[in-house]
Amino acid sequence: MTVMEQRGAYRPTPPPAWQPRTDPAPLLPDTEPYRVLGTEAAAHADPELLRTLHARLVRGRRYNTQATALTKQGRLAVYPSSTGQEACEIAAALALEERDWLFPSYRDTLAVVARGVDPVEALTLLRGDWHTGYDPYEHRVAPLSTPLATQLPHAVGLAHAARLKGDDVVALAMVGDGGTSEGDFHEALNFAAVWQAPVVFLVQNNGFAISVPLAKQTAAPSLAHKAVGYGMPGRLVDGNDAVAVHEVLSDAVRRARGGGGPTLVEAVTYRVEAHTNADDATRYRGDAEVETWRRHDPIDLLERELTDRGLLGEDAARAVREDAEAMAADLRARMNRDPELDPMDLFAHVYAEPTPHLREQRALLRAELEAAAEAESGYEPGTGTGPEGTRR
């Protein structure tokens with residue numbers, strides 16, 4: 001007797017006609033990136049929001065230039081500039097409530113600082129001093145993630161756990177176009193859609209994954225179209241239009257908070273500077289392409305709108321620039337101080353209860369440090385004497 005012949009065995013029946021679980025039409029993004037600046041919709045934009053976005057963008061641009069200069073002075077090991085992408089960074093931070101969480105990638109220092117993290121602490125990872133450098137719980141900002149897209153499943157897990165606990169929390173996870181080629185991206189979006197987790201995924205499509213152009217990463221009509229395959233809405237927005245990005249992200253955050261589930265937002269922008277200070281971008285793109293995008297600069301777009309509406313006079317513009325210069329001067333002065341580092345901190349905050357291997361390594365390092373200190377002081381082990389025969 002075969003298994004299928006046994007009494008009560010499962011016997012398949014012809015499947016019913018296939019029906020989609022979700023209507024794909026409402027999930028599809030627009031064919032063109034959504035814009036506000038330069039359109040009739042700009043006249044309805046809140047003047048206070050426009051001024052705030054402008055001030056933050058100018059401050060962010062100055063932060064980028066100062067941090068890049070610090071790499072040339074040896075004060076930063078590496079800096080991935082977000083010049084040209086400031087609208088995405090600032091809008092992401094401003095779209096969240098204080099109780100929400102931001103999950104940034106390594107290029108998202110402006111968003112981290114805009115959430116309230118100290119500008120120097122935001123650079124600690126890139127300086128090589130700590131893995132994070134700031135308390136994630138203070139401003140609800142996860143550590144800057146250097147591995148591509150690994151922060152996305154973390155964002156989903158936090159958001160799903162918060163909903164199970166009844167906390168009114170939304171997680172916004174930022175990633176570049178290169179990160180969408182990682183398995184973590186797929187896993188995060190799939191889990192988020194199945195669980196209907198309150199997460200917003202912001203893809204900053206800046207054209208290149210280091211030197212690999214988007215056309216060699218995907219054949220999809222847009223990265224926003226990938227949302228449909230997971231069962232969530234996809235939104236396509238002009239990433240250099242700060243007002244449009246803020247509006248789209250704010251809508252997605254409200255939808256997530258209201259139980260509507262996740263949204264994938266693709267912001268089409270451009271990385272004006274090289275991938276990092278260690279990269280030579282001239283090897284894979286031309287100056288003409290960069291100049292074309294410079295003419296679509298996010299600060300210029302916003303300043304044009306503010307000036308046309310009489311919302312930004314010369315005195316106000318000067319005050320914004322002076323504030324940005326003061327921030328840069330403070331950043332420069334504080335980064336020029338040598339940090340006081342304790343090598344034993346290598347073993348702090350790894351596990352709540354150190355493993356046997358960590359305890360062994362900690363003991364070895366402590367012994368090496370003590371031996372080095374004794375050698376520097378002139379103490380000779382076994383003699384009981386220090387410099388010039390002094391007793392110890």
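My aim in this report is to walk through the structure given alongside it, one point at a time. Being a predicted model, the structure only gives us computed values, none of them experimental.

## Focus: a nonpolar patch on the surface
Okay, so step 1: On the surface, a nonpolar cluster with roughly 300 Å² of combined accessible area is contributed by F191, V194 and W195.
Okay, so step 2: Within the secondary structure, V194 sits in helix α7 (residues 183-195).

## A closer look at the pattern of salt bridges
Okay, so step 1: Summed over the entire model, instances satisfying the criterion amount to 21 salt bridges.
Okay, so step 2: Residues D238 and R35 are paired through a salt bridge, measuring 3.2 Å at the closest nitrogen-oxygen approach. Of this pair, D238 sits in strand β6 (residues 234-238) while R35 is found in the segment before α1 (47-72), placing the two residues 203 residues apart along the sequence.
Okay, so step 3: For R257, the salt bridge goes to D100, with nearest N and O atoms at 2.7 Å. Note that R257 is positioned in helix α9 (residues 242-257) and D100 in the loop between α2 (86-94) and β1 (101-103), a separation of 157 residues in sequence.
Okay, so step 4: Overlapping salt bridges bring together R99, D100, D168 and R257 as one network.

## Details of the environment of H186
Okay, so step 1: With respect to the element layout, H186 can be found in helix α7.
Okay, so step 2: Residues H186 and P33 lie 153 residues apart in sequence; the distance between their C-alpha atoms is 23 Å.

## Some remarks on the pairing of β6
Okay, so step 1: Counting buried positions along β6 yields four of five residues, so the element is predominantly enclosed.
Okay, so step 2: Sheet topology note: the β6/strand β7 (residues 263-268) ladder contains five bridges and is parallel. Each bridged residue has a counterpart across the sheet, and for V237 the counterpart in β7 is A267.
Okay, so step 3: Since β6 and β7 lie parallel, the crossover through α9 that links them has a hand, and here it is right-handed.

## With respect to the sheet that holds β7
Okay, so step 1: In spatial order, the strands read β1-β2-β3-β7-β6; together these five strands make up an open sheet with parallel pairing. With partners counted over all chains shown, the strands left at the sheet margins are β1 and β6, one partner each. Across the sheet, the mean angle separating the axes of adjacent strands is 20° when strand polarity is ignored.

## Observations concerning the packing of aromatic side chains
Okay, so step 1: Scanning the entire structure with this criterion turns up six aromatic pairs.
Okay, so step 2: For the ring pair W101 and Y137, a centre distance of 5.7 Å and an interplane angle of 90° mean the geometry is edge-to-face. Remark: Y137 occurs in helix α5 (residues 136-139) and W101 occurs in strand β1; sequence separation between them is 36 residues.
Okay, so step 3: On the accessibility criterion, W101 (8% relative accessible area) is buried.
Okay, so step 4: Each member of the aromatic cluster is reached from another via a ring pair, and the members are F208, Y270, Y284 and W293.

## A look at the packing of α1 against helix α12 (residues 314-335)
Okay, so step 1: With their axes 9 Å apart at the nearest point, α1 and α12 run at an angle of 30° to one another. On the basis of the axis angle, α1 is roughly parallel to α12. Considering how the two elements wind past one another, α1 and α12 form a crossing that is right-handed. For the pair α1 and α12, contact is made by H54, A55, V58, R59, R62, Y63, Q66 and L70 and by V320, R321, D323, A324, E325, M327, A328, L331, R332 and M335, respectively.

## Overview of the side chain of T218
Okay, so step 1: Structurally, the position occupied by T218 is in the loop between β5 (212-213) and α8 (226-230).
Okay, so step 2: At 3.0 Å, the side chain of T218 forms a polar contact with the backbone nitrogen of A220.
Okay, so step 3: When sequence neighbours within four positions are dropped, the list of residues in contact with T218 reads L223 and K226.

## Digging into the packing of helix α6 (residues 151-165) against α7
Okay, so step 1: With their axes 8 Å apart at the nearest point, α6 and α7 run at an angle of 15° to one another. Classed by the angle they form, the pair α6 and α7 counts as roughly parallel. Handedness of the α6/α7 crossing: left-handed. The segment α6 lies against α7, with L152, P153, V156, H160 and R163 engaging D184, F185, A188, F191, A192 and W195.
Okay, so step 2: Its residues assigned to classes, the contact of α6 with α7 shows eight nonpolar, one polar and two charged.

Rules of the game
Residues numbered from 1 in each chain as written. Predicted model: local features only at pLDDT ≥ 70, side-chain atom pairs only at ≥ 80, totals over all residues. Heavy atoms only, no water. Patch = residues over 30% accessible without salt bridge, like charges linked within 9 Å, V, L, I, M, F, W, Y side chains within 5 Å. Areas by Shrake-Rupley, 256 points an atom, 1.4 Å probe, with all protein chains shown as cover. Salt bridge = Lys/Arg side-chain N within 4 Å of Asp/Glu carboxyl O. Helix = DSSP H or I, 4+ residues; strand = E, 2+ residues; numbered from the N terminus. Buried < 20%, exposed > 50% of the residue type's maximum accessible area, 1.4 Å probe, protein only. Pairing = 2+ DSSP bridges. Right-handed = clockwise from strand over helix to strand, strands pointing away. Axes fitted to C-alpha atoms, helices over the stretch in contact; angles between N-to-C directions. Phe/Tyr/Trp six-rings, centres within 6.5 Å; stacked < 30°, edge-to-face > 60°. Parallel < 35°, antiparallel > 145°, perpendicular 65-115°, else oblique. Left-handed = near helix turned anticlockwise from the far one by under 90°. Contact = heavy atoms within 4.5 Å. Polar contact = N/O pair within 3.5 Å; in protein donor to acceptor, adjacent residues only side chain to side chain. Nonpolar A, V, L, I, M, F, W, Y, C, P; charged D, E, K, R; others polar.

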